[in-house]
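Coordinate analysis (summary)
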Amino acid sequence: MTHPTNRAEETRRAWHGVLEKYLEDRSTPLNAQYWSPMDTWSRDQIRAVQDEKIASVAPFLYENSDFYRRRFDGLGLAPTALKSVDDLIAKWPVITKQEMMEDAIAHPPFGTYTACGPDEWADRGWMHFSSSGSTGVPRVFRYTHFDRKFWEQANARALYSGGLRKGDTAFPMVGFGPHVFAWGVQYTLAAMNLPVIPGGGMDAKARATIIERFKPTTLVCTPSYAFYLGGVMREMGLDPAASSVKWLVTGGEPFSGVAGTVEKLQDLWGAMSVEFYGCTEVSPHCGGYSCPEYQTGDENFIHLMEDIQVWETVDPDTLAPVPMGDKGITVCTNLNSESSPQLRFLVGDYTRLSDAPCACGRNHIKGMGCLTGRSDDLINLRGIKFFPVQIEEAVRAIKGTGDEFQIRLTTMDDGLDVMTVLVEHTDSAVADVVAKEIRSRCEIRCAVEVRTPNSLPKSEMKAKRVFDERNKG
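First, a word on scope: everything that follows refers to the structure included in this document. (Residues numbered from 1 in each chain as written. Predicted model: local features only at pLDDT ≥ 70, side-chain atom pairs only at ≥ 80, totals over all residues. Heavy atoms only, no water.)

Turning our eyes to something else, we now look at the overall build of the protein chain. A count of helices and strands for the protein chain gives 13 helices and 18 strands. Taken over the C-alpha trace, the protein chain has a radius of gyration of 23 Å; the compact-globule value for 473 residues is 23 Å, and the two agree within 12%. Oriented by its inertia axes, the alpha-carbon framework of the protein chain measures out at about 70 × 60 × 40 Å. When each of the 473 residues of the protein chain is scored for burial, the buried share is 57%. Sequence-distant contacts, at least 24 apart, represent 70% of the contacts inside the protein chain between residues at least 6 apart. Just so you have it, the protein chain exposes about 19000 Å², and 51% of that area is on carbon and sulfur atoms. If the 51 positive side-chain charges of the protein chain are averaged to one point and the 62 negative ones to another, these points end up 2 Å apart. (Helix = DSSP H or I, 4+ residues; strand = E, 2+ residues; numbered from the N terminus. Rg over C-alpha atoms; globule rule 2.2 N^0.38 Å. Buried < 20%, exposed > 50% of the residue type's maximum accessible area, 1.4 Å probe, protein only. Contact = heavy atoms within 4.5 Å. Areas by Shrake-Rupley, 256 points an atom, 1.4 Å probe, with all protein chains shown as cover. Lys, Arg positive; Asp, Glu negative; His and termini not counted. Charge placed at Lys NZ, Arg CZ, Asp CG, Glu CD.)

With that settled, the discussion passes to the sheet that holds strand β16 (residues 417-424). Read from one edge to the other, the open sheet built from four strands follows the order β17-β16-β15-β18, with strand pairing classed as mixed. Strand pairing shows two members of the sheet lacking a second neighbour, β17 (447-451) and β18 (466-469), which therefore form its edges. If you compare each strand with its neighbour and ignore which way they point, the axes differ by 20° on average. In the sheet, strand β15 (residues 405-411) pairs with β18 via four bridges, with the strands oriented parallel. When the bridges of β18 are listed, Ile407 appears paired with Val466. Sitting on the sheet, helix α12 (residues 388-396) is in contact with β15, β16 and β18, with an inclination near 125° to β15. Sheet strands touched by helix α13 (residues 430-442): β16 and β17. Its angle to β17, the strand with the most contacts, is close to 135°. (Pairing = 2+ DSSP bridges. Axes fitted to C-alpha atoms, helices over the stretch in contact; angles between N-to-C directions.)

Among the eight residues that make up strand β10 (residues 327-334), seven are buried, leaving the element largely enclosed by the rest of the structure. Pairing between strand β9 (residues 309-314) and β10: six bridges, direction antiparallel. Bridge assignment links Gln309 to a residue of β10, and that residue is Asn334.

This paragraph deals with the packing of helix α7 (residues 145-162) against helix α8 (residues 180-191). At their nearest, the axes of α7 and α8 sit 8 Å apart, and the two run at 85° to each other. Here α7 lies roughly perpendicular to α8, going by the angle between them. Seen from α7, the contacting residues are Arg148, Trp151, Glu152, Asn155, Ala156 and Leu159; seen from α8, they are Val180, Gly184, Val185, Tyr187, Thr188, Leu189 and Ala191. Across the contact of α7 with α8, the residue classes tally to eight nonpolar, three polar and two charged. (Parallel < 35°, antiparallel > 145°, perpendicular 65-115°, else oblique. Nonpolar A, V, L, I, M, F, W, Y, C, P; charged D, E, K, R; others polar.)

Another aspect to go through is empty space enclosed by the protein. One pass over the full model with this rule turns up three cavities of 30 Å³ or more. Its boundaries defined by the atoms lining it, the largest cavity holds a volume of some 130 Å³. Around the largest cavity, the lining comprises 13 residues; the ones closest to its centre are Tyr22, Met38, Arg157, Ile308 and Asn336. Per element, the largest residue contribution to the lining of the largest cavity is four residues, and it comes from α7. Looking at the lining of the largest cavity residue by residue, the class counts come to seven nonpolar, two polar and four charged. (1 Å grid on protein atoms, 1.4 Å probe; cavity = no way out; pocket = protein on both sides within 12 Å on 5 of 7 lines; lining within 4 Å. Points joined across faces, edges and corners; volume = space filled by probe spheres on them.)

With that out of the way, let us pick up the state of the cysteines. In this structure the tally under the stated criterion is zero disulfides. With no disulfide of its own, Cys332 has Cys279 as its nearest cysteine by sulfur position, at a separation of 6.4 Å. The buried category is assigned to Cys332, whose relative accessible area is 0%. With no disulfide of its own, Cys360 lies 3.5 Å from the sulfur of Cys358, the closest cysteine sulfur. Residue classification places Cys360 among the buried positions, given a relative accessible area of 8%. (Disulfide = S-S within 2.5 Å.)

Here the focus is the sheet that holds β9. In any sheet, the strands associate via hydrogen bonds between backbone groups, in a parallel or an antiparallel arrangement. Within the open sheet, the 10 strands sit side by side as β3-β4-β5-β6-β7-β8-β12-β11-β10-β9. Their pairing is mixed. Strand pairing shows two members of the sheet lacking a second neighbour, β3 (170-172) and β9, which therefore form its edges. Within the sheet, the average angular offset between the axes of one strand and its neighbour, ignoring direction, is 35°. Bridge count for strand β6 (residues 272-279) against strand β7 (residues 283-289) is three bridges, and the pairing is antiparallel. Across the sheet, residue Phe276 finds its bridge partner in β7, namely Tyr289.

Glancing now at helix α10 (residues 223-235). For α10, with 13 residues, the first-to-last C-alpha span of 19 Å sits near the 18 Å given by 1.5 Å per residue. The buried count for α10 comes to 10 of 13 residues, which makes it a mostly enclosed element. Taken residue by residue, α10 has Pro223, Ser224, Tyr225, Ala226, Phe227, Leu229, Gly230, Gly231, Val232 and Met233 as its buried positions. Where the residues of α10 are buried, they touch α9 (204-214), β4 (218-221), β5 (247-250), α11 (261-269) and α12. Among the residues trailing α10, Gly237 stands out with phi positive, at a value near 85°. (Expected span 1.5 Å × (residues − 1).)

In structure tokens:
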């Protein structure tokens, strides 16, 4: 919600100026390894730019977002008090999804947590995105054409780091709804001057035929859909591993940190799978991405683009910062947008951060073990807490299980909460094996039902695998 004052306009111009100072308008890479010189900045260079951006964005948000004005005033904090990363972490409590949902309810339909008001939307509006609403009221985010330029360059750095080069052809296989993942990739492929085969509105057989006939090198989809499509190709007598595909750009679901899943998908396609990680609120462009080294160590990792964001981990219960290297849930400050430069938004994915240099030459922080699921995905069953990815790891560990699975939580007549896991396999006797594997990993007993291969629902967007039908009364 823009305040019609000179101060609002002045702080917006100042914030634009800082952003444009670090904007590159590239359509070709810096060299064979890096899209941008910012990819190899030192830790000191990264921190200096973060501090400069924080000092500019805090007054901008105070004057151009009613949500932030109320929060600053409620804390008794002047926006000029935030001049650095240290100030931000020490003085500014994290922002939660609940706060944003309450703001959206109180100020429909857009809320006041972004700085794109009706004037900016009418003048340079670009695209309207929204969260899934899985944890409450969908939160809407309007972005401008000013933002789009910054998205394109951030995403180009990520895709180039993942391996895409001149000569590659991309095949995005998504419905292009109000979620940000595929849109960011689509616009960036144009900025990189890479050709695209549109893949929306087709069933899996049609897409398999496109791959066989037109030979794209790069698929853009969720991991779940890549598994499904590979299975359909095999049913059609086609071998995904013998196809033209050499890159899988995947997003929308926890993936690279799930033991066995990356290996299984790469074996299916005979291709390298790279991560494209972000969220609607603070990193609609790519915040996390893969480099050539991300699978070479004891555990996979994901780089986080720090010159445009500040990434932290906090304790899931207290929301207090945790030391570098300790497991926590992610908090992100977006410093790359006029519309949604959120301060310390609780993204909530579990990881361990490392600022150790990477063999790829990038000094940007790494999420070790990648991102392994949101804290609000945590399942509490009879006092035992675990994540869906732990069930996935157990299922993937059993030879011959299908690509899909489901977790169903119900309450028995006597009030006992129970879990049933549905898996795909040709042998019904595998149920006992899967149940033992889950008990070993999660320390919980559950029932396992075996369904025929390819019988569980597939989705080209985020797969729904948890069905909580427990009596909450």
